[in-house]
Amino acid sequence: MPALPRGVVFRAEAGRLGDWIDHTLLRADAKAAEIDRLCSEAVTHRFAAVCVNPQWVARCRETLGLRTNIAVAAVIGFPLGASTSVVKATEAATAVGQGAGELDMVAALGAIKDGDWEYVERDIREVVEAADGALVKVIIESAALTPTEIVRSCRVAREAGAHYVKTSTGMHPAGGATPAAVALMRLAVGDDLGVKASGGVRDCAAAFALIESGATRIGTSGGVALADCVGPAPKQICELFGRWQ
């Protein structure tokens, strides 16, 4: 049996919604006290990760401690993806050096729209190499792409060594995650990569629709509300999902 994708756990019997959630705070005006609260909430609800701007990586790592299973994820080239590859790689290496175990990098959207797949792959690969073993998720802004561009972007991300593909920054005017986009991304990568859905995921019905479409992580600033709607204890998968169908 092939090894599971890094950062992905397929659950056959019981699970918690918190296991899927990257608890996210990416506002430019976020304050230290808000970052501390984000980390505290992640511990309380046992989320998969906190996702923050690089400025806050060291603080999150210190606040969460070294023994926790909660990852610190840093966004790279956020939110435009239009930084040079050198800048993205430097940002990635710095974040990892400060304690980030996961990196959510924004792909070069302009190059995707131009069909310059060589550039897209090289851009991702440079971040993967700079990550020095940290898990890399590639944000493709699926709402701004055609189905063909979504599929090609996902396959290029896989070839470049990424571990996840991700729908959205949550800041593009085209919109965020949809079940249709997630299903297409899952089809494109098969079981080789994780799929993270983000952008506009604000309630349990939306989260479960995305998970059922193939998402293995959910990026949201509303993680507490999502976790509270199903409770902290593991539940049988049929019970966890059935209520929201």
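Residues numbered from 1 in each chain as written. Predicted model: local features only at pLDDT ≥ 70, side-chain atom pairs only at ≥ 80, totals over all residues. Heavy atoms only, no water.

Which residues make up the overall build of the protein, and what are the values?
Each helix and strand in the protein was counted, giving 10 helices and 10 strands. Counting every position in the protein, which comprises 245 residues, the buried fraction comes to 53%. Within the protein, contacts between residues at least 6 apart in sequence are counted, and of these 70% link residues at least 24 apart. Within the structure as shown, the protein displays about 10800 Å² of accessible surface, and the carbon and sulfur contribution to it stands at 53%. (Helix = DSSP H or I, 4+ residues; strand = E, 2+ residues; numbered from the N terminus. Buried < 20%, exposed > 50% of the residue type's maximum accessible area, 1.4 Å probe, protein only. Contact = heavy atoms within 4.5 Å. Areas by Shrake-Rupley, 256 points an atom, 1.4 Å probe, with all protein chains shown as cover.)

Could you give me a rundown of the sheet that holds strand E3 (residues 49–52), with the residues and numbers involved?
Spatial strand order, E2-E3-E4-E5-E6-E7-E8-E9: 8 strands in a closed barrel with parallel pairing. Between one strand and the next, the sheet's axes are offset by a mean angle of 25 degrees, whatever the strand orientation. Alignment of strand E6 (residues 135–139) against strand E7 (residues 164–166), held across 3 bridges, turns out to be parallel. Each residue of the ladder has a partner; that of isoleucine 139, found in E7, is lysine 166. Relative to strand E5 (residues 102–106), helix H5 (residues 117–130) is tilted by about 160 degrees, and along the sheet it contacts E5 and E6. (Pairing = 2+ DSSP bridges. Axes fitted to C-alpha atoms, helices over the stretch in contact; angles between N-to-C directions.)

So what's going on with the pairing of strand E2 (residues 21–25)? Which residues, and what values?
The element E2 is largely enclosed, with a buried count of 5 among its 5 residues. Burial along E2 is two-sided: the residues Ile21, His23 and Leu25 and Asp22 and Thr24 are all buried. One ladder, built from 3 bridges, connects E2 with strand E9 (residues 217–220); its direction is parallel. Following the sheet pairing, histidine 23 is matched in E9 by threonine 220. Pairing geometry for E2 and E3, over 4 bridges, is parallel.

So what's going on with the pattern of salt bridges? Residues and values would help.
Once the charged atoms of two side chains with opposite charge are near each other, the side chains can pair. Throughout the structure, instances matching the rule amount to 16 salt bridges. We note a salt bridge from arginine 217 to aspartate 22, for which the minimum N-O separation is 2.7 Å. Placement of arginine 217 in strand E9 and of aspartate 22 in strand E2 is noted, with a sequence separation of 195 residues between them. On the basis of relative accessible area, aspartate 22 is assigned to the buried category, the value being 0%. Each of the salt bridges in this network shares a partner with another, and the network as a whole consists of Asp22, Glu102, Asp104, Lys137, Lys166, Lys196 and Arg217. (Salt bridge = Lys/Arg side-chain N within 4 Å of Asp/Glu carboxyl O.)

Lay out helix H3 (residues 85–97) with the relevant residues and their values.
Turn by turn, an α-helix covers 3.6 residues, leaving residues three or four places apart pointing in a common direction. Taking 1.5 Å per residue, 13 residues should reach 18 Å; H3 reaches 18 Å between its end C-alpha atoms and fits that length. Here H3 has its buried residues at Ser85, Lys88, Ala89, Ala92 and Ala95. When H3 is viewed along its axis, its buried side chains cluster within an angular range of 130 degrees and face the same direction. Seen from the buried face of H3, the exposed residues on the opposite side, beyond 90 degrees, are Val86 and Gly97. On its buried face, H3 sits against helix H2 (57–64), strand E4 (71–76), E5 and H5. Following H3 by one or two positions, glycine 99 adopts a phi angle in the positive range, close to 120 degrees. (Expected span 1.5 Å × (residues − 1). Arc of directions from axis to C-beta.)

Report on the packing of helix H1 (residues 32–45) against H2, specifying residues and quantitative values.
The N-to-C vectors of H1 and H2 enclose an angle of 40 degrees; their axes lie 10 Å apart at closest approach. As far as their axial angle goes, H2 and H1 are oblique. Between H1 and H2 lies a crossing whose hand is right-handed. Of H2, the residues touching H1 (which contributes Ala32, Ile35, Asp36, Cys39 and Val43) are Arg59, Cys60, Thr63 and Leu64. In terms of residue class, the contact of H1 with H2 is made up of 6 nonpolar, 1 polar and 2 charged. (Parallel < 35°, antiparallel > 145°, perpendicular 65-115°, else oblique. Left-handed = near helix turned anticlockwise from the far one by under 90°. Nonpolar A, V, L, I, M, F, W, Y, C, P; charged D, E, K, R; others polar.)

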